[in-house]
Amino acid sequence: GERIGYDIEDVQTGERAVLCRKEHRADIRGEHDADSRSTHAAGVQSVGPFVFHPEGLSLGAAALLVRSDQPAAVVIVDEVGPLELRGDGWATSVRNLLNSDTPAILIVVRPALVTQIQQEWRFVAENVWDVSQTSDTEIASVLARASRSE
């Protein structure tokens, strides 16, 4: 099977939406530039062959809102990457989240972008895991301890 895109789910509410899909140039009416981004009509965001759907981006932004009436002990963002590094996607939501009092935040980042992400948002991660070498149980245990320490 060929990967055609990704969906997003707010695990707190169960709401789902299309996040991005591979689109052909004719479908997105854009041109690819040298760094594999595409230029499109206003408001359309893309990385490589993936075009991001506004409904999916909105659902993600809403899920990442820091709410004082329902504080989260743990927030997981899967993933932050090139889209956010150029100020699109969930860049604003991630910045707000990192400036919040949320006790445990897990941000999934491609290994090649870890340093760049930390520099962009001016933070130093307490833990950086290579998921191919770290068990789910170990990560969950660290997150659970962090969420209880606040």
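Look up: the structure comes first, before these words.
On a predicted model such as this, the values are computed, not experimentally measured, just so you know. (Residues numbered from 1 in each chain as written. Predicted model: local features only at pLDDT ≥ 70, side-chain atom pairs only at ≥ 80, totals over all residues. Heavy atoms only, no water.)

Participant: A description of the nonpolar core should follow, citing residues and the corresponding values.
Facilitator: Counting residues in hydrophobic clusters, the biggest one holds 22 residues, and the most contacted among them are Leu19, Phe52, Val77 and Trp90. Put simply, the parts of the chain that give this core at least two residues each are strand S2 (16-22), strand S6 (50-52), helix H2 (54-63), strand S7 (74-78), helix H3 (82-85) and helix H4 (91-98). Here valine 77 is in contact with Leu64, Val94, Leu97, Leu106, Ile107 and Val108, once residues within four sequence places are set aside. (Core = buried A, V, L, I, M, F, W, Y, C linked by side-chain atoms within 4.5 Å. Buried < 20%, exposed > 50% of the residue type's maximum accessible area, 1.4 Å probe, protein only. Helix = DSSP H or I, 4+ residues; strand = E, 2+ residues; numbered from the N terminus. Contact = heavy atoms within 4.5 Å.)

Participant: Any chance you could break down helix H6 (residues 136-148) for me, citing the residues and the numbers?
Facilitator: The first and last C-alpha atoms of H6 sit 18 Å apart over 13 residues, in line with the 18 Å expected at 1.5 Å per residue. Regarding H6, the residues found buried are Ile139, Val142, Leu143 and Ser147. Down the axis of H6, the buried set is contained in an arc of 130°. They therefore lie on one face. Exposed and facing more than 90 degrees away from the buried side of H6 are Thr137 and Arg148. The elements touched by buried residues of H6 are S7 and strand S8 (104-108). (Expected span 1.5 Å × (residues − 1). Arc of directions from axis to C-beta.)

Participant: How would you explain the packing of aromatic side chains if you had to name every residue and give the values?
Facilitator: Taken as a whole and judged by the stated rule, the model has 1 aromatic pair. Ring centres 5.7 Å apart and planes at 50° place the aromatic pair tyrosine 6 and phenylalanine 50 in the tilted group. Here tyrosine 6, found in strand S1 (residues 5-9), pairs with phenylalanine 50, found in strand S6; they are 44 residues apart in sequence, far enough to count as distant. For phenylalanine 50, a relative accessible area of 15% corresponds to the buried category. (Phe/Tyr/Trp six-rings, centres within 6.5 Å; stacked < 30°, edge-to-face > 60°.)

Participant: How would you sum up the pairing of S7? Please name residues and give values.
Facilitator: Across the two faces of S7 the burial differs, with Val75 and Val77 buried and Val74, Ile76 and Asp78 not buried at all. Across 5 bridges, the pairing between S7 and S8 is parallel. By the bridge assignment for S8, valine 77 is matched with isoleucine 107. (Pairing = 2+ DSSP bridges.)

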